[in-house]
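Close look at the chain arrangement
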Amino acid sequence: QAWLGGYPFALGSAWLARSAMAAVKGTFIVSSTAGQFDVLPASAHAILGDYVEEGSNHGKRVYRRKPNAGQKGLPEVVLFFWDLRDGKDLAGWWFGDKVGGGQVWARNPSMSSTPPEKGWKCPVDGPPQEHVVCAPKEAKAKADDFVSAAESGGRPNKRPQSGGGA
């Protein structure tokens, strides 16, 4: 049996497939890795939350933040892509109140097919915020499993037990 990173290759393949499906299903989590003494700008706080797919723009998916009780009074936020038609300075992924304009809180110049994980400028004319992370929901859950296992000194509880055979 082939092993990949301490796990059976088949399990690794299944994990990769599930992660890819999460991106296809269109659910992302925008979160912060900031510690107790790190300060995030208001524009970074404004975009935190769960996002679900809602149509497309310029050939890529658009995502809208799902409302939850803790975000009452916060504005609607959409994550969308803008292509090169208006120049390189406006191309990339954006968080705003609507597709293509209005108020914007964050930008990433990446031309990737899905929203990039890191490199978000919040505010849009500021430096990239190292603590803002945009990840497919399934991948974020999987990463949290591995972090929990590492913190407890063990392995993720998802690993199958060996059957004693070769």
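Here the structure is shown first, and the text comes after it.
In this report, the structure presented in the accompanying data block is examined. Remember, predicted model here, so these are calculated numbers, not experimental data. (Residues numbered from 1 in each chain as written. Predicted model: local features only at pLDDT ≥ 70, side-chain atom pairs only at ≥ 80, totals over all residues. Heavy atoms only, no water.)

The next subject is the overall build of the protein. Scanning the protein from terminus to terminus reveals 3 helices and 9 strands. For the protein, the succession of helices and strands along the chain, N to C, is β-β-α-β-α-β-β-β-β-β-β-α. Across the 166 residues of the protein, 36% fall into the buried class. Put simply, of all contacts in the protein between residues at least 6 apart along the chain, 40% involve residues at least 24 apart. With an accessible surface of roughly 9700 Å², the protein has 56% of that area assigned to carbon and sulfur atoms. (Helix = DSSP H or I, 4+ residues; strand = E, 2+ residues; numbered from the N terminus. Buried < 20%, exposed > 50% of the residue type's maximum accessible area, 1.4 Å probe, protein only. Contact = heavy atoms within 4.5 Å. Areas by Shrake-Rupley, 256 points an atom, 1.4 Å probe, with all protein chains shown as cover.)

This brings us to the pairing of strand E4 (residues 49–57). Bridge count between strand E3 (residues 27–32) and E4: 4 bridges; the pairing is antiparallel. When the sheet's bridge partners are listed, Thr27 is paired in E4 with Val52. The pairing of E4 with strand E5 (residues 60–65) spans 5 bridges and is antiparallel. Note that in E5 the partner of Asn57 across the bridge is Lys60. The antiparallel pairing of E4 with E5 creates a hairpin that spans 2 residues between the two strands, and His58 there sits at a positive phi of about 50°. (Pairing = 2+ DSSP bridges.)

Secondary-structure assignment places Gly35 in the loop between E3 and helix H2 (42–47). Considered as a pair, Gly35 and His131 are 96 residues apart in the sequence and their alpha carbons are 8.7 Å apart.

What follows concerns unusual backbone geometry. Between Cys122 and Pro123 the backbone carries a cis peptide bond, its omega angle lying at 0°. The residue His58 is not glycine, and still its phi comes out positive at about 50°.

Here we come to the side chain of Arg107. Here Arg107 lies in strand E8 (residues 101–108). Here Arg107 sits buried without a salt bridge, and the closest side chain of opposite charge, Asp89, lies 6.0 Å off (N-O distance). Side-chain polar atoms of Arg107 contact the backbone oxygen of Lys88, separated by 3.3 Å. When neighbours within four sequence positions are excluded, Arg107 is seen to be in contact with Lys88, Asp89, Leu90, Ala91, Trp93, Trp94, Gly119, Trp120, Lys121 and Val124. (Lys, Arg positive; Asp, Glu negative; His and termini not counted. Salt bridge = Lys/Arg side-chain N within 4 Å of Asp/Glu carboxyl O. Polar contact = N/O pair within 3.5 Å; in protein donor to acceptor, adjacent residues only side chain to side chain.)

Take the nonpolar core next. The biggest cluster of nonpolar side chains holds 20 residues, and the ones touching the most others in it are Val30, Ile47, Tyr51, Leu79, Phe95, Trp120 and Val132. Breaking this core down by element, the ones donating at least two residues are E3, H2, strand E6 (78–82), strand E7 (92–98), E8 and strand E9 (132–136). Ranked by residues supplied to this core, first place goes to H2 with 3 residues. The residues touching Leu79, leaving out its near neighbours within four places in the chain, are Tyr51, Arg61, Val62, Tyr63, Trp93, Trp94, Phe95, Pro115, Trp120 and Cys134. (Core = buried A, V, L, I, M, F, W, Y, C linked by side-chain atoms within 4.5 Å.)

The description of two aromatic rings rests on the distance between their centres and on the angle between their planes. Tallied over the full model, the rule gives 5 aromatic pairs. The interplanar angle of 75° and the centroid separation of 5.0 Å between the aromatic rings of Phe28 and Tyr63 together place this pair among those described as edge-to-face. Placement of the pair is Phe28 in strand E3 and Tyr63 in strand E5, with a sequence separation of 35 residues. The same class applies to Phe28 and to Tyr63, which are both buried. Judged by centre distance (6.4 Å) and plane angle (85°), the ring pair of Phe80 and Trp82 falls under edge-to-face. The exposure classification of Phe80 matches that of Trp82, with both residues buried. Put simply, the rings of Tyr51, Phe95 and Trp120 touch in pairs and so form one group of aromatic residues. (Phe/Tyr/Trp six-rings, centres within 6.5 Å; stacked < 30°, edge-to-face > 60°.)

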